[in-house]
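One-letter residues, chain by chain:
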There are 2 protein chains.
Amino acid sequence: MENVHVSGPAESSISAAGSGDGPTDRHGLRERVSAELAAFVDRQARVLDEIGGDGADFEPVIAALRTLLDGGKRMRAAFCYWGWRAADGAGCAGETGDEAAAVRASASLELLHASALIHDDFIDGSDTRRGAPAIHRRFEQLHRGGGWDGEPERFGAAAAVLLGDLVLVWCDEMLTRCGLDAGRIHAARPVFDLMRSEVMAGQYLDVLAQSRGLSVSTPQERLARARAVLQYKSAKYTVERPLQLGAALATGIADGPLAGALSRYGLPLGEAFQLRDDVLGVFGDPAATGKPAGDDLREGKQTVLVALAAQQATDAQVKALRAGLGDPGLDQAGVEELRYIIRRTGALAEVEQRISALTRTALAALREAPITGEARTALGELAVAATDRSH
Amino acid sequence: MENVHVSGPAESSISAAGSGDGPTDRHGLRERVSAELAAFVDRQARVLDEIGGDGADFEPVIAALRTLLDGGKRMRAAFCYWGWRAADGAGCAGETGDEAAAVRASASLELLHASALIHDDFIDGSDTRRGAPAIHRRFEQLHRGGGWDGEPERFGAAAAVLLGDLVLVWCDEMLTRCGLDAGRIHAARPVFDLMRSEVMAGQYLDVLAQSRGLSVSTPQERLARARAVLQYKSAKYTVERPLQLGAALATGIADGPLAGALSRYGLPLGEAFQLRDDVLGVFGDPAATGKPAGDDLREGKQTVLVALAAQQATDAQVKALRAGLGDPGLDQAGVEELRYIIRRTGALAEVEQRISALTRTALAALREAPITGEARTALGELAVAATDRSH
């Protein structure tokens, strides 16, 4: 049962111990998720072509989505798949067809994520994503290149909203069509539905926190808000819910002891993952993050890291933070100054310590969880990968 | 079977022959759809409150959605419900519980529509919707009232994107939870999925047509594009697909002779409905439309009406159309001038003629359709209501 392979001989050479691109690539998972996404987008491209007639109006849409979906670490798909395996999905069903369907269901979460990225980048005014222009920028360029009427920015915004919507509904279309038994998909839907409401609500809380900024609330309030955003926008969305969705697809039970055990591993790990992401958003190497250095500072992201720094800052440092955070024109010297403050206040060290503690908590919970051995190994590796300094 | 009532005595006084607010109110349908929407939003409000903790951060979100969902003619819900009844949904299932579930499933389409309105209003820069501020404007005001950081417009845009997303995923959550058998919902999903892709693709084609405007393409090309937008954004989305979804929920068959018959009624009716809407967008009474007079002209909507006028216009008229269409500052005199051109070129008369012909075609198809007698009567009344000059 441990070595079920269904999608061609090329992948059977990848050992179950995990090789290639690391833990998300066990069973060639990353490749298989990408292949499922590509096949689904091919199918949808035919639907759009039918609508567009011979005008080729949707070619730029499909090209943009292919580029966006080509990248990404497939974290959510990996957690969903290993949630399925954790519940002995392959074992209890005993059908290789189900294993392929579980990969497809897992891959559908990457569409939800792509939608969130498209809308988030537009909301944040980000220029790049996964090393390429953000969708709204890409369609601004299309507008400029065509010399069309109206403002390129408005066209870019409209295209980003609509493409994000399209990919959002494709997510649940792909889940529905994954090939697993309709009853089991239905039973797992409460997890899926809650995950989607949570991530959107979390995004709204994030936007709200940024708008309220440094001037309205106290440092303690800001820290509490940053933690709430992190819970819903990241910890639950990236790790806990995908795991529980996979398990529910395997068992047909959305809630129960297994969901609880996966939560005890998933929530602290998800929090650690986001804290790592916050650190990389300020200190990360642009080559690795695919975003300009210090972009989170320019966007004024109210992260736990920033909230901690503000809480422990001197008056002069608070002034510098207020001036620099959210300033789109912040230059390299300004980025360096804010980085210095974030180190100097001890915020960076505190966050690093918290990442370590959370990861340990997650791994301890993993040891106790009533799951298959292979899933335990894979989830242990994923925990390390998700919180690694260089990811 | 004809008089199944499940939701309290208040509605049993409404006769099956259709009274109260007209055809969408047969069986008190409009009230029942509104009640189901309100109950669903109450449920989701509790989910959001849990996420927001005691901060009441989601109160403005829920209040805004309640206001938006309070209005509307419930056309899509009505067509879905009568598609279900057309397939003898109440008859073949024979359970009153199923009838309530069908109303709930039909009501879910109003969430899809609300999402489309929120995003569309933001894209078009519209100020009002259903007589109240558009969602992005409402959240701009919230930002201004709070004296928060950053630009109110950016916060309004972010809120509109995220609230539209939230309501979009709630639509399929409500459909999934409607209470009908999971297998039948699963069987009907291809119609639902296609409908969603079509309306978003249609919106994109609409935005594209507006951007290409009068300067890039020929009058013939513009007319063809306007017709494609109308098909997908309106005819299929408002009438054909809701009918087919209802029928598929009743029969468990997404495609077949009944779907074809409903299409022969639904497509011409949907086209007539949109043409009527286009006429009202230029000539309608603001009190009835809930939008300022001539708003479609200010937004530069590339409707069939406008495309026909442009095709038949003199050089001087083309110049006036180019100058006025899409000018946000167009005053009453400018609106009157464009109205005069649209009449003078014969475009208005041609569209009115087309509405009549399409409605006749729809009614002829309805007479031939293999559906229940009560559905035939109700759909006949809906056809008149959807294309009425004063709607």
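Residues numbered from 1 in each chain as written. Chains lettered and ligands numbered in written order. Predicted model: local features only at pLDDT ≥ 70, side-chain atom pairs only at ≥ 80, totals over all residues. Heavy atoms only, no water.

1. Observations concerning the side chain of A:Thr359
All names here are of chain A. Rules: Where helices and strands are cited, they refer to DSSP runs of H or I of at least four residues and of E of at least two residues respectively, numbered from the N terminus. The buried label applies to any residue whose accessible area, calculated with a 1.4 Å probe on protein chains only, is under 20% of its type's maximum; exposed applies above 50%, and partly exposed to all values in between. Polar contacts here mean pairs of N or O atoms no more than 3.5 Å apart (in protein, one a potential hydrogen donor and the other a potential acceptor; neighbouring residues in sequence count only if both atoms are side-chain atoms).
In this structure, Thr359 sits in helix H17 (residues 347-368). Residue Thr359 is classed as buried on the basis of its relative accessible area of 11%. Within polar-contact distance, the side chain of Thr359 engages the backbone oxygen of Ile355 at 2.7 Å.

2. Examining the environment of B:Gly202
In this fold, B:Gly202 is placed in helix H8 (residues 182-216). Note on B:Gly202: relative accessible area 0%, which makes it buried.

3. So, the packing of aromatic side chains
Worth spelling out the cut-off: Any two of the Phe, Tyr and Trp rings considered here, Trp counted by its six-membered ring, make a pair once their centres fall within 6.5 Å; the pair's planes then place it as stacked at under 30 degrees, edge-to-face at over 60, or tilted in between.
A full pass over the atoms with the stated rule returns 17 aromatic pairs over all chains. Considering the side-chain rings of A:Phe58 and B:Tyr204, the 5.8 Å spacing of their centres and the 40° angle between planes classify their relative orientation as tilted. You can see A:Phe58 sitting in the loop between helix H2 (29-52) and helix H3 (59-70) and its partner B:Tyr204 sitting in helix H8, one on each of two chains. Relative to B:Tyr204, the ring of A:Phe155 has its centre 6.4 Å away and its plane inclined at 50°; by these criteria the two rings are tilted. Taken as a pair, A:Phe155 in helix H8 (residues 152-176) and B:Tyr204 in helix H8 lie in two separate chains rather than in one.

4. Some remarks on the relation of the copies chain A and chain B
Stated formally: Alignment of copies: least-squares fit on C-alpha atoms of residues with pLDDT of at least 70 in both copies. Contact between two residues is taken to exist if any of their heavy atoms lie within 4.5 Å; hydrogens are not considered.
Note on the copies: chain A fits chain B at an RMSD of 0.0 Å, the axial shift is 0.0 Å, and the rotation between them is 180°. The two molecules are tied by a two-fold rotation axis, judged by turn and shift. Interface overlap between copies: 100% of the residues of chain A at the interface are likewise at the interface in chain B, consistent with a symmetric, same-surface contact.

5. With respect to the pattern of salt bridges
Rules: For this document, the term salt bridge refers to a Lys or Arg side-chain nitrogen within 4 Å of an Asp or Glu carboxyl oxygen.
Under the definition given, this model contains 60 salt bridges over all chains. A salt bridge links B:Arg129 to B:Asp121; the nearest nitrogen and oxygen atoms lie 2.8 Å apart. Side by side, B:Arg129 and B:Asp121 carry an identical accessibility label, which is buried. Measuring nitrogen to oxygen at the nearest pair gives 3.1 Å for the salt bridge that ties B:Glu271 to B:Arg354. Linking B:Glu271 in helix H10 (residues 257-283) with B:Arg354 in helix H16 (residues 347-368), this pair joins segments that are 83 residues apart in sequence. Assessed through its relative accessible area of 34%, B:Arg354 is described here as partly exposed. It is possible to trace a salt-bridge network through shared partners that takes in A:Asp172, A:Arg189, A:Asp193, A:Arg196, B:Asp172, B:Arg189, B:Asp193 and B:Arg196.

6. Side note on unusual backbone geometry
Residue and element names in this part refer to chain B. The backbone of Arg74 sits at a positive phi, close to 60°, despite the residue not being glycine. Residue placement: Arg74 occurs in the loop between helix H2 (59-70) and helix H3 (75-86). For Arg74, a relative accessible area of 4% gives the class buried. You will see that Arg130, though not glycine, has its phi angle at about 50°, which is positive. By the secondary structure assignment, Arg130 is in the loop between strand S1 (128-129) and strand S2 (132-133).

7. Considering the interface of chain A and chain B
Frequently, the measure chosen for interface size is the accessible area that the parts lose on association. For the record, the criterion: The buried area of a pairing is the accessible area, by a 1.4 Å probe, that goes missing from both parts when the two are put together, added over both.
Contact residues are listed per partner, giving 60 residues for chain A and 60 residues for chain B. Both faces combined, the contact of chain A with chain B buries some 5,200 Å², and carbon together with sulfur accounts for 67% of it. Area buried by chain A at its contact with chain B is led by A:Ile51, A:Leu162 and A:Tyr204, which between them contribute 13% of it. Across the chain A-chain B interface, the total number found is eight salt bridges. Our enumeration of links across chain A and chain B arrives at 18 residue pairs in polar contact (both at pLDDT 80 or more).

8. Section: H2(B)
The condition that has to hold: The span one expects for a helix is its residue count, reduced by one, times 1.5 Å.
An ideal rise of 1.5 Å per residue puts 16 Å on twelve residues; H2(B) measures up with 16 Å between its terminal C-alpha atoms. Phi turns positive one or two residues past the end of H2(B), at B:Gly72, with a value near 105°.

9. Overview of the confidence of the model for chain A
Residue and element names in this part refer to chain A. Threshold: For every residue, the predictor states its confidence as a pLDDT score lying anywhere from 0 to 100.
Summing up the model confidence of chain A, the mean pLDDT is 88 and the portion of residues at 70 or higher is 90%. Of all secondary-structure elements in chain A, the lowest mean pLDDT belongs to helix H1 (residues 9-12), at 30, while H8 reaches the highest, 98. Predicted confidence for residues 1-21 stays below pLDDT 50, and this span has 37 contacts to residues more than four positions away or in other chains. Taken over the whole predicted complex, pTM reads 0.90, whereas the ipTM for its chain interfaces reads 0.90.

10. Some remarks on the environment of B:Leu68
Residue and element names in this part refer to chain B. Among the secondary structure elements, Leu68 is positioned in helix H2. Residue class for Leu68 comes out buried when judged on its relative accessible area of 9%. Ignoring any residue separated from it by four or fewer positions in sequence, one finds Leu68 in contact with Ala114, Ile118, Arg129, Arg130 and Ile135.

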